[in-house]
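The primary structure of each chain is shown beneath.
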Amino acid sequence: MIEPSRPEVRRFVAAVNAGDRAALTAALTPDATMSDDGTDRDLRDWTEREIFTSDGKMSVESESDDGLDLLVRYTNSTWGAMDTRWHFVVADGRISRFETGQA
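Residues numbered from 1 in each chain as written. Predicted model: local features only at pLDDT ≥ 70, side-chain atom pairs only at ≥ 80, totals over all residues. Heavy atoms only, no water.

Quick look at unusual backbone geometry
Part 1 of the argument: Its identity is not glycine, yet Asp37 carries a phi of approximately 50 degrees, on the positive side.
Part 2 of the argument: Mapped onto the elements, Asp37 comes out in the loop between β1 (28-36) and β2 (39-41).
Part 3 of the argument: With a relative accessible area of 49%, Asp37 lands in the partly exposed category.
Part 4 of the argument: One non-glycine residue, Asp66, adopts positive backbone phi at about 55 degrees.
Part 5 of the argument: Mapped onto the secondary structure, Asp66 falls in the loop between β3 (57-64) and β4 (69-76).
Part 6 of the argument: Classification of Asp66 as exposed rests on a relative accessible area of 59%. (Helix = DSSP H or I, 4+ residues; strand = E, 2+ residues; numbered from the N terminus. Buried < 20%, exposed > 50% of the residue type's maximum accessible area, 1.4 Å probe, protein only.)

See below:
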């Protein structure tokens, strides 16, 4: 596992891995959006289901695009382990959008 080089992305990954809702909220802009496998989702519902209530964990395998694209081994109690790609958009030091999906 590598540590993301971008501080905004590093805070996001740390919040997910800690299961810390407050830290994840702080890492995101108030109007942040996301998509999963190309479909926009409700960010709050998705994070609750896919991260917090299912003990989601991100193991970063590699990064590209100046640290905004990650290849992650993602694990949760619902789906098990899978390779996923994550793309982040940063605004004012926080994540304004993330897109994830199977790699």
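Next comes the rest of the account.
Some thoughts on the layout of surface pockets
Part 1 of the argument: Quantified by volume, the largest pocket comes out at close to 250 Å³.
Part 2 of the argument: In terms of lining residues, the largest pocket is bounded by 15 residues, among which Asp36, Asp37, Glu50, Trp79 and Met82 are the most central.
Part 3 of the argument: Where the lining of the largest pocket is concerned, the elements lending two or more residues are α3 (43-52), β4, β5 (80-91) and β6 (94-102). (1 Å grid on protein atoms, 1.4 Å probe; cavity = no way out; pocket = protein on both sides within 12 Å on 5 of 7 lines; lining within 4 Å. Points joined across faces, edges and corners; volume = space filled by probe spheres on them.)

Notes on the packing of aromatic side chains
Part 1 of the argument: Counting across every chain of the model gives 9 aromatic pairs.
Part 2 of the argument: Between Trp86 and Phe88, the ring centres sit 6.3 Å apart and the planes meet at 15 degrees, which makes this aromatic pair stacked.
Part 3 of the argument: Judged by its relative accessible area of 1%, Phe88 falls in the buried class. (Phe/Tyr/Trp six-rings, centres within 6.5 Å; stacked < 30°, edge-to-face > 60°.)

Description of the side chain of Thr100
Part 1 of the argument: Within the secondary structure, Thr100 is located in strand β6.
Part 2 of the argument: Among the polar contacts listed, one links the side chain of Thr100 to the backbone oxygen of Arg85, at a separation of 3.2 Å. (Polar contact = N/O pair within 3.5 Å; in protein donor to acceptor, adjacent residues only side chain to side chain.)

Considerations on α3
Part 1 of the argument: Among the residues of α3, those classed as buried are Leu43, Trp46, Thr47, Glu50, Ile51 and Phe52. In an axial view of α3, the angular spread of the buried residues amounts to 155 degrees, which keeps them on one side of the axis.
Part 2 of the argument: Where α3 starts, the residue carrying a side-chain oxygen 3.2 Å from the main-chain nitrogen of Arg44 turns out to be Asp42. (Arc of directions from axis to C-beta.)

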